[in-house]
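Results of the structural survey
The chain contents come next:
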Amino acid sequence: MKSPQGKLCCSYADGHRTEYDMKENQYWVPINEVWMPVPPEVVIYDQGNPFTEAVVWYNPTLVNGKPSGSYTILCFVPGGGS
């Protein structure tokens, strides 16, 4: 999987099935029970989704090599086979 920017998201196995919400024309997903906005540039519309649920790929944000408690969303595929 690649983001619309051409960055690799890894494989489906690395994604996390998730619920999502729409607020002010932007997707939001919960990561460790904290709702985060999905950057529009990482939403994938053209590669399909074999799951009925949405899938999000993210990495922990590191500060001085240690997890900071926040996350960087790499890619997001809306649910429903979008």
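Up top is the structure.
We now turn to the structure provided with this report. Note on numbering: residues in each chain are counted from 1, in written sequence order. With the structure being a predicted model, the display of local features is reserved for residues of pLDDT at least 70 and the display and counting of side-chain atom pairs for 80 or more, all residues being used for whole-chain, interface and lining totals. Side-chain numbers come from the whole structure's heavy atoms, not from hydrogens or water.

Regarding the nonpolar core
Operational definition: Throughout, nonpolar core names a set of buried Ala, Val, Leu, Ile, Met, Phe, Trp, Tyr and Cys residues whose side chains join them through atoms within 4.5 Å. Each residue is assigned to one of three classes by its accessible area relative to the maximum for its type, calculated with a 1.4 Å probe on protein chains only: buried under 20%, partly exposed between the two thresholds, exposed over 50%. The secondary structure listing takes helices from DSSP runs of H or I that are at least 4 residues long and strands from runs of E that are at least 2 residues long, numbered from the N terminus. By definition in these notes, contact holds between two residues if any of their heavy atoms fall within 4.5 Å.
Ranked by size, the top nonpolar core spans 12 residues in total: Tyr27, Val29, Ile31, Met36, Val38, Val42, Val43, Ala54, Val56, Tyr58, Ile73 and Phe76. Elements with a minimum of two residues in this core: strand E3 (26–31), strand E5 (54–63) and strand E6 (66–77). If we skip the residues at most four places from it in the chain, Tyr58 touches His16, Ile31, Tyr71, Thr72, Ile73 and Leu74. Membership of the second largest hydrophobic core comes to five residues, among which are Ile44, Val55, Trp57 and Cys75.

Thoughts on the sheet that holds E5
The strands making up a sheet associate through hydrogen bonds between their backbones, and the pairing can be parallel or antiparallel. Filter applied, for reference: Paired strands, as defined in this entry, are two strands with at least two bridges between them according to DSSP. To get an axis, fit a line to the C-alpha atoms, keeping to the stretch in contact for a helix; angles then go from 0 to 180 degrees between the N-to-C directions.
Read across the open sheet, the three strands follow the order E1-E5-E6; overall the sheet is antiparallel. Two strands close off the open sheet at either side, each with one partner strand: strand E1 (16–18) and E6. For this sheet the average axis-to-axis angle between neighbouring strands, irrespective of direction, equals 45°. Pairing geometry for E5 and E6, over eight bridges, is antiparallel. The residue of E6 that forms the bridge with Pro60 is Tyr71.

Concerning the side chain of Thr18
By secondary structure assignment, the location of Thr18 is in strand E1. The class of Thr18 is buried, set by a relative accessible area of 12%. Filtering out sequence-adjacent residues up to four positions away, Thr18 remains in contact with Val29, Pro30, Glu53, Ala54, Val55, Val56 and Phe76.

So, the pairing of strand E4 (residues 34–37)
Bridge count for E3 against E4 is four bridges, and the pairing is antiparallel. Opposite Trp28, over in E4, you have Pro37 as the bridge partner. Connecting the antiparallel pair E3 and E4 is a turn made up of two residues, with Asn32 showing a positive phi of about 50°.

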